[in-house]
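# Summary of structural features
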Amino acid sequence: METVIEKSEFVLTPYMKSNDWRATFQILNTVVPYCLLWFLTVKAAAISVWLLPPLIVLMTLFSLRCFSLMHDCGHYSLFRSKQINRIVGFLLGIINAIPQYAWSRDHAYHHKTNGDWERYRGVADFLSTTEFAQLTPSQQKTYEILRHPLMALPGGFFYLALQPRLSLIAGIYGFIVHAATCLSTNPRIHLSEILSTHQSKHWKSSTEFWDLLLNNVCVISSWIILSSLLGASFFFSIYSSVLTLSAMIFIWIFFMQHIFEGSYAHTTEGWNYITGAIEGSSYLQLHPILKWFTANIGYHNIHHLSERIPNYHLEACHNQNIHLLSKVKTLTIDRMFTCAKFILWDPDSNSLVSIASFRQSQAIRLVQTGIPSQLKS
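Now for a description of the structure that goes with this document. Because the structure is a prediction, the values reported are computed rather than measured. (Residues numbered from 1 in each chain as written. Predicted model: local features only at pLDDT ≥ 70, side-chain atom pairs only at ≥ 80, totals over all residues. Heavy atoms only, no water.)

### Some remarks on the pattern of salt bridges
This is how the line gets drawn: For this analysis, a salt bridge means a side-chain nitrogen from Lys or Arg found within 4 Å of a carboxyl oxygen belonging to Asp or Glu. Elements are defined by DSSP. Helices are runs of H or I of four residues or more, strands are runs of E of two residues or more, and each kind is numbered from the N terminus.
For the structure on display, the rule yields seven salt bridges. Measuring nitrogen to oxygen at the nearest pair gives 3.0 Å for the salt bridge that ties Arg-121 to Glu-131. Taken as a pair, Arg-121 in the loop between helix 4 (100–113) and strand 1 (127–128) and Glu-131 in helix 5 (residues 129–133) lie far apart in primary sequence, 10 residues in all. Residues participating in the shared-partner salt-bridge network are Arg-105, Asp-106 and Glu-208.

### Description of the nonpolar core
Inclusion rule: By convention a nonpolar core is built from buried Ala, Val, Leu, Ile, Met, Phe, Trp, Tyr and Cys residues, the set being connected through side-chain atoms within 4.5 Å. Residue burial is assigned from relative accessible area. The probe radius is 1.4 Å, only protein chains are included, and a residue is buried under 20% of its type maximum, exposed over 50%, and partly exposed in between.
With 73 residues, the main nonpolar core has Leu-78, Leu-92, Tyr-143, Ile-238, Tyr-239, Phe-255 and Leu-344 as its most contacted residues. Among the elements that line this core, the one with the most residues is helix 10 (residues 232–256), at 13 residues. Among the nonpolar cores identified, the runner-up in size contains 16 residues, and Leu-12, Tyr-15, Tyr-283 and Ile-302 belong to it.

### Looking at the packing of helix 7 (residues 152–185) against helix 10
Defined as follows: Axis lines are fitted to C-alpha atoms, over the contacting stretch for helices. Their N-to-C directions set the angle, which ranges from 0 to 180 degrees. Roughly parallel means an angle under 35 degrees; roughly antiparallel means over 145; roughly perpendicular covers 65 to 115; every other angle is labelled oblique. Here a residue-residue contact requires only that any non-hydrogen atoms of the pair lie within 4.5 Å. For this classification, the nonpolar set comprises Ala, Val, Leu, Ile, Met, Phe, Trp, Tyr, Cys and Pro, the charged set comprises Asp, Glu, Lys and Arg, and every other residue, Gly included, is treated as polar.
Following both chains from N to C, one finds helix 7 and helix 10 inclined at 110°, their axes separated by 8 Å at the closest point. Classified by the interaxial angle, the pair formed by helix 7 and helix 10 is roughly perpendicular. On helix 10, the residues touching Ala-152, Leu-153, Gly-156, Phe-157, Leu-160 and Ala-161 of helix 7 are Ser-240, Leu-243, Thr-244, Leu-245, Ala-247, Met-248, Ile-251 and Trp-252. Of the residues that constitute the contact of helix 7 with helix 10, the class distribution is 11 nonpolar, three polar and no charged.

Here you go:
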């Protein structure tokens, strides 16, 4: 029987101490350059549009780092104070147009269930092989297209720029319908009762609603102000480019951290949290520049072992525990399209499989049972 590593075998506690000075310096060396780049972009546009592409690349990378630091704030690991993490995380969320509180709650669920594919279906709501087999050929093709890595371009923009706005509109509309229904049933009903009986699928609590509302107010206000100052076409062309590219990169990185050949993808029964952290998360080797801009998130197995370790301690913790990480999958960013093949979960083998291998196994099974194979590729 294979020996399962215990969490107590890892040296984690010394690295879980947040340092407010380091955290403050990280915020300053991220947000200040990002703002300065906007200023330089305006000046460069007045000289030549050919000066804009390198500035957009730099802005994309700093936007990516803003998201990475917001991620740390969501785990309450960047600063020592929970309240400061909330405030800074909210502000970083404005930069990337995403409500930080709701995102962090969903992300925390991912951490609690990593590797348990009955409860959490990865970055793109992947299907099991059984569910996929029940789709029509056209639905299967659509499923495959929507999970292609290049779909992270439109998908990333929708996720950051549009979805939080649509969620607020849909949520408010749902509340109005609920209130109208309550009043039609009981015209004397109190507002407190209407509020207490309302359950929205767009927010889980009043705190989440206020975070969503304030994010929308701040983001849309910034759009209006900056587009009036810089010109709507100029602002939104630069802004949408930066937001789309940074979202695409982070989606790709998050994808590769969990979707790869041999990734731990277990049923709930028999699932192990530690194995999920070690074998269900990769060690993504990034160029030192990209490592800095992603705030060391490539050390993802260590991050899953303890999300309270701030990004500036992840590398040291990884090196301290390297002897226990022999089963960790090591990847490089150029393996993205290879990893992208494994978009089906096979609960029978507790593994991720490609659509091609699934169809091949189906064909073999049909031949073995004497049924002619008429599978379409």
